[in-house]
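So you can see what is in the structure, the chains are spelled out below.
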Amino acid sequence: MNEAKLYKNQEPEPQSANEAAMAYESSCRNVDDFIASLPKEMMRNLVDFAIEEQRAGHCIPNSQVDEMINLRMRWK
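Residues numbered from 1 in each chain as written. Predicted model: local features only at pLDDT ≥ 70, side-chain atom pairs only at ≥ 80, totals over all residues. Heavy atoms only, no water.

J.: Mind showing me how you'd approach the overall build of the protein here?
T.: Within the protein one finds four helices and zero strands. Reading the protein from its N terminus to its C terminus gives the helix and strand order α-α-α-α. Counting across all 76 residues of the protein, residues that qualify as buried make up 3%. For the protein, the exposed area adds up to about 8,200 Å²; of that, 52% sits on carbon and sulfur atoms. (Helix = DSSP H or I, 4+ residues; strand = E, 2+ residues; numbered from the N terminus. Buried < 20%, exposed > 50% of the residue type's maximum accessible area, 1.4 Å probe, protein only. Areas by Shrake-Rupley, 256 points an atom, 1.4 Å probe, with all protein chains shown as cover.)

J.: Any chance you could explain the pattern of salt bridges here in plain terms?
T.: As a working rule, side chains carrying opposite charge can pair if their charged atoms are close by. What the rule picks out here adds up to one salt bridge. Ionic pairing is found between Glu41 and Arg44, a salt bridge with its closest N-O pair at 3.8 Å. With Glu41 and Arg44 both in helix α3 (residues 40–55) and three residues apart, the pair spans about one turn of that helix. Judged by relative accessible area, which is 49%, Glu41 ranks as partly exposed. (Salt bridge = Lys/Arg side-chain N within 4 Å of Asp/Glu carboxyl O.)

J.: Even after reading the chapter, I still don't get helix α4 (residues 62–72), so can you show me in this structure?
T.: Side chains that are three or four residues apart share a direction in an α-helix, a result of its 3.6 residues per turn. Counting buried positions along α4 yields one of 11 residues, so the element is predominantly exposed. Among the residues trailing α4, Arg74 stands out with phi positive, at a value near 60°.

J.: What is the right way to read the confidence of the model for the protein from this model?
T.: Residues shown with low pLDDT carry predicted positions that ought not to be read at fine detail. Put simply, the protein has an average pLDDT of 77, and 63% of its residues get 70 or more. Of all helices and strands in the protein, the one with the weakest mean pLDDT is helix α1 (residues 19–23) (56), whereas α3 scores best (92). (pLDDT = per-residue confidence, 0-100.)

J.: I would appreciate a short explanation of the environment of Glu53 in the present structure.
T.: With respect to the helices and strands, Glu53 occurs in helix α3. Those residues in contact with Glu53 that lie beyond four places of it in its chain are His58 and Cys59. (Contact = heavy atoms within 4.5 Å.)

J.: Quick question: what am I supposed to make of a nonpolar patch on the surface here?
T.: Together, Ile60, Val65, Ile69, Met73 and Trp75 line one region of the surface with nonpolar side chains, adding up to about 480 Å² of accessible area. As for its position among the elements, Trp75 is in the segment after α4. Under the relative-accessibility criterion, Trp75 is labelled exposed at 57%. (Patch = residues over 30% accessible without salt bridge, like charges linked within 9 Å, V, L, I, M, F, W, Y side chains within 5 Å.)

This is how it looks when you write it as structure tokens:
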């Protein structure tokens, strides 16, 4: 390594909510704006799906969620 290689200057990118930011739970904008941006039809479909799953007996009570995660991750 005779000579150090310098990095070229980079322009900063503007912060905006995107998939990467959401994956790392980075808050780039107001939560209310994010919720308002969700399509209403999608939310209706999610609610309908949740109701169907509950009626079919595929739901897990909240009291069992922590235990189930711990078992699957082999934390206990």
